[in-house]
Amino acid sequence: MSIGLLNVIEIILNGLMTGVMYSLVALGFVLIFKASGIFNYAQGVMALFAALTLVGFQTGQIPFSHLINAMFGTNVHNWGPGLPAVLAIILTIGVMIGFAWLFERLVLKHMVNQEPIILFMTTIGLAYFMEGFGDLMWGADIKALDLGIPSGGSFWFEDITKTWAAAGSDYWGMYIDVLDVWAAGIAVVMVLALTLFSQYTRIGRALRAVADDHQAAMTVGISLRTIWVIVWSIAGVVALVAGIMWGSKSGVQFSLSLIALKALPVLILGGFTSIPGAIIGGMIIGVGEKLFEYSIGPLIGGATENWFAYVLALAFLLFRPQGLFGEKIIERV
Amino acid sequence: MVNTMESTTQTPVMELKNISLSFGGVKALTDISFDIREGEIRALIGPNGAGKSSMLNVISGFYHPQIGEVWFKGEKRPPMKPYQVARQGVARTFQNIALFKGMSTIDNLMTGRINHMKVNLFWQALWKGPAEREEIAHRERVEHVIDFLEIQAIRKTPVGRLSYGLQKRVELGRALAADAQLLLLDEPMAGMNLEEKEDMSRFIIDVNEEFGTTIVLIEHDMSVVMDLSDRVVVLDYGRKLADGEPEAVRNDPSVIDAYLGVSHD
């Protein structure tokens, strides 16, 4: 194979992996949007908050330590060496579920039957609240997240692909980050689990029922409020997974909340209501932006990855506003 | 539970006492009282805007009357949310069909079983064991309803694709799957052709006779109402005009004036 072709293959592979990372965030949006029609602007911040909490537990940070130190003149930071990764993850899941419960109790309950735009504004408020709260609770410094997920380039893959090029050429093999492969694997497992759960269990069926028709769901005896707590909990867990992956890749920092913006074009491509759409939309964007940067980028000065996804989404809005897999909107007149 | 036609006993399963409901300045219902006896088919009739659907919505917990009491099975019912009413054993269908359109017929009917299923989230996530056994048991009940309503052929079809008449039948099926004691049907035959109406009438009578389910029915087709129902309540402009056996109501002069109008036969 020629080196040019190998390069393109490498770019596509890496694009797919990056795309899955976008999908992880988009998935959280889809879950909440399907069940309650709310576009949850806070999904990215939820990922950040979950990652912060996880690191906090893992490294044994005292929550609100800055606040405590400022108020009482103490100098406390850690309560101990920290918890093992598994325990920290379980505790963080607990925190995310508790958060979902509180949010329903304190906020969503009062927002039933409000206009979508009002609910959207609510989630913007939630986003800013969580960002500030996370800062107050765990501090604003960039933290390393290490759960023992392997990362870095795969030499094994590099060695194999090296042999694909013609003998004698100075091809170095393909670079693939093992962490990205893990992220892809985890995303696949998560989507499968979510799909099976919603297809074959009572609560899964109730979730689908609520997503389909609120009024009908109430008449068969489904409590909307319970379902919302469950949905926000699941979205919290999905946010945790996204937070772990992005945090392991680039450190847990507050710019993490901005990855939510990268999920938007993914949603427009895949449709706001489709779980497979979120995955495939993410992959299209990942591959698309990498290929575009490789082929057209040099001609127009590079840095196309920053805007390519949005332009692609715009083009989609013109021709297929419901997304690739979204439900087609047919108005019967 | 099995009842026969003549066992239309005198014990009311539900009593509505002095119900008044208004939306802002609009009075939807004014001081309406009637009872629903165990095992009967009770019809609610009246011209458009008479308050029939409002009445049904009061019973199923979608509306809360400003004045008046709802008594269910001998107890005064506190204000309840629709899902709580459903859990008490009251199922309903809607005038403009409220099905889960993206889900199959079986899944729609299975949602009707939700209140009878108890296995917790943990086992459901594992799926094997109790959750699987429970699912199978309830699936059996749902298959029974499917046989009863003769909708075997569409069990896996997403209901959004079904004809109007079949959707109405699936909606009835979902209410039946809930094993409700009180079944509220809001215009079950609206928009149906004659053949579909006959089928639906047959199912309503069968449900009432075979399962002993008490039924409250809103319907515009007078011949259907007179044939099916044991007793009829007539509403007009949110007030109760008449209440009694079909024959008596049909001959009530005020009813003829307000509703039946010209059809003096």
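Sequence order sets the numbering: in each chain, residues are counted from 1 along the sequence as written. Lettering for chains starts from A, numbering for ligands starts from 1, and both go in the order in which the items are written. Totals for whole chains, interfaces and linings use every residue, but because this is a predicted model, local features are given only for residues with pLDDT of at least 70 and side-chain atom pairs only at 80 or more, for both listing and counting.

A few points about the interface of chain A and chain B
Listed as interface residues are 19 residues of chain A and, on the opposing side, 26 residues of chain B. Among the elements of the structure, helix H7 (178-200), helix H8 (202-212) and helix H9 (214-219) of chain A are those that each provide at least two residues to the side of chain A that touches chain B. Where helices and strands are cited, they refer to DSSP runs of H or I of at least four residues and of E of at least two residues respectively, numbered from the N terminus. No other element matches the seven residues that H8 of chain A contributes to the side of chain A that touches chain B. Each residue belonging to the side of chain A that touches chain B can be placed in one class, and the counts come to nine nonpolar, five polar and five charged. Remark: residues whose backbone-derived C-beta atoms lie within 7 Å of one another are considered to be in contact. Three categories are distinguished: nonpolar for Ala, Val, Leu, Ile, Met, Phe, Trp, Tyr, Cys and Pro, charged for Asp, Glu, Lys and Arg, and polar for the others, with Gly belonging to the last.

Describing the pairing of strand S6 (residues 90-93) of chain B
Residues and elements named next belong to chain B. Neither face of S6 is exposed, since Val 90 and Arg 92 on one face and Ala 91 and Thr 93 on the opposite face are all buried. For S6 and strand S7 (residues 182-186), the ladder comprises four bridges, and the chain directions are parallel. Bridge pairing in S7 places Thr 93 opposite Leu 185. Exposure classification rests on a simple neighbour count of other C-beta atoms within 10 Å of a residue's own: a residue reaching 20 or more is buried, one at 12 or fewer is exposed, and one in between is partly exposed. C-beta atoms are placed from the backbone. Here, a strand pair is defined by DSSP locating no fewer than two bridges between the strands.

Some words on the domain arrangement of chain B
Residues and elements named next belong to chain B. Domain start and stop points were drawn from an automatic or database domain assignment. Examined at the domain level, chain B breaks down into domain 1 (1-89 + 180-265) and domain 2 (103-173). Each of domain 1 and domain 2 has a C-alpha centre, and the two are 27 Å apart. Across the boundary between the two partners, domain 1 contributes eight residues, which contact six residues of domain 2. Sorting the residues of the side of domain 1 that touches domain 2 by element identifies helix H2 (82-87) and helix H7 (194-211) as the ones contributing at least two each. Among the elements that make up the side of domain 1 that touches domain 2, the one with the highest residue count is H7 (three residues). Its residues placed into classes, the side of domain 1 that touches domain 2 shows five nonpolar, one polar and two charged.

Some points on the sheet that holds strand S10 (residues 239-244) of chain B
Residues and elements named next belong to chain B. With mixed pairing, six strands are arranged side by side in an open sheet as S6-S7-S8-S3-S9-S10. Every other strand in the sheet has two partners, leaving S6 and S10 as the edge strands with one partner each. Taken pair by pair, the neighbouring strands of this sheet meet at an average axis angle of 15°, ignoring direction. Where strand S3 (residues 41-45) lies against strand S8 (residues 214-218), four bridges are found, and the strand directions are parallel. Its bridge partner being in S8, Leu 44 is matched across the sheet by Ile 218. Here helix H1 (residues 52-59) sits on the sheet in contact with S3, S6, S7, S8 and strand S9 (231-236), set at roughly 150° to S7. Axis definition: a line fitted to C-alpha atoms, limited for helices to the stretch in contact. Angles are taken between N-to-C directions and run from 0 to 180 degrees.

Side note on H7 of chain A
Every helix has an expected span of 1.5 Å times one less than the residues it contains. Between its first and last C-alpha, H7 of chain A extends 33 Å over 23 residues, near the 33 Å set by a 1.5 Å rise per residue. Of the surrounding elements, those touching the buried residues of H7 of chain A are helix H1 (3-36), helix H10 (224-250) and helix H12 (275-295) of chain A.

Comments concerning the nonpolar core
Where a protein is soluble and globular, its nonpolar side chains tend to be buried together. Ranked by internal contacts, the top residues of the largest apolar core, which has 158 residues, are Ala 51, Ile 222 and Val 231 of chain A. Built from parts of two domains, this core gets at least three residues from each of domain 1 (1-89 + 180-265) and domain 2 (103-173) of chain B. For Ala 51 of chain A, the residues in contact, after removing those within four places along its chain, are Leu 145, Gly 243, Ile 244, Gly 247, Val 252 and Leu 256 of chain A. We define the nonpolar core as any set of buried residues of the types Ala, Val, Leu, Ile, Met, Phe, Trp, Tyr and Cys, connected via C-beta atoms lying within 7 Å of each other.

Thoughts on unusual backbone geometry
Excluding glycine, residues mostly carry a negative phi; peptide bonds, for their part, are mostly trans. The phi dihedral of Asn 18 of chain B falls on the positive side, at around 50°, and the residue is not glycine. Of note, Asn 18 of chain B is situated in strand S1 (residues 12-23).

Notes on the pairing of S9 of chain B
Residues and elements named next belong to chain B. Examined bridge by bridge, S3 and S9 share four bridges and lie parallel to one another. Residue pairing for S9: Arg 42 is matched across the bridge by Arg 231. In this structure, S9 lies alongside S10, joined through five bridges in antiparallel fashion. Among the inter-strand pairings, Leu 235 is bridged to a residue of S10, identified as Lys 240. In textbook terms, the turn of a hairpin is the stretch between consecutive antiparallel strands, and for S9 and S10 this stretch comprises two residues, one of which, Tyr 237, has a positive phi near 50°.

Considerations on the confidence of the model for chain A
It should be kept in mind that the predicted coordinates are not to be read in detail where pLDDT is low. pLDDT gives the predictor's per-residue confidence on a scale running from 0 to 100. Chain-level statistics for chain A give a pLDDT mean of 87 and a share of 98% at 70 or above. Within chain A, helix H6 (residues 155-162) of chain A has the poorest average pLDDT of any element, 82, and helix H4 (residues 85-106) of chain A the best, 94.

Re the packing of H1 of chain A against H10 of chain A
Two numbers describe a pair of packed helices, the interaxial angle and the distance between the axes. Residues and elements named next belong to chain A. Relative orientation of the contacting elements H1 and H10 amounts to 175°, with a least axis distance of 9 Å. Taken together, the axes of H1 and H10 are roughly antiparallel relative to one another. Facing H1, whose interface residues are Met 21, Leu 24, Val 25, Leu 27, Gly 28, Leu 31, Ile 32, Ala 35 and Ser 36, H10 presents Ile 227, Trp 228, Val 231, Trp 232, Ile 234, Ala 235, Val 238, Ala 239, Val 241, Ala 242, Met 245 and Trp 246. A breakdown of the residues in the contact of H1 with H10 according to their chemical character gives 19 nonpolar, two polar and no charged. By definition in this entry, angles of less than 35 degrees are roughly parallel, angles greater than 145 are roughly antiparallel, angles of 65 to 115 are roughly perpendicular, and the rest are oblique.

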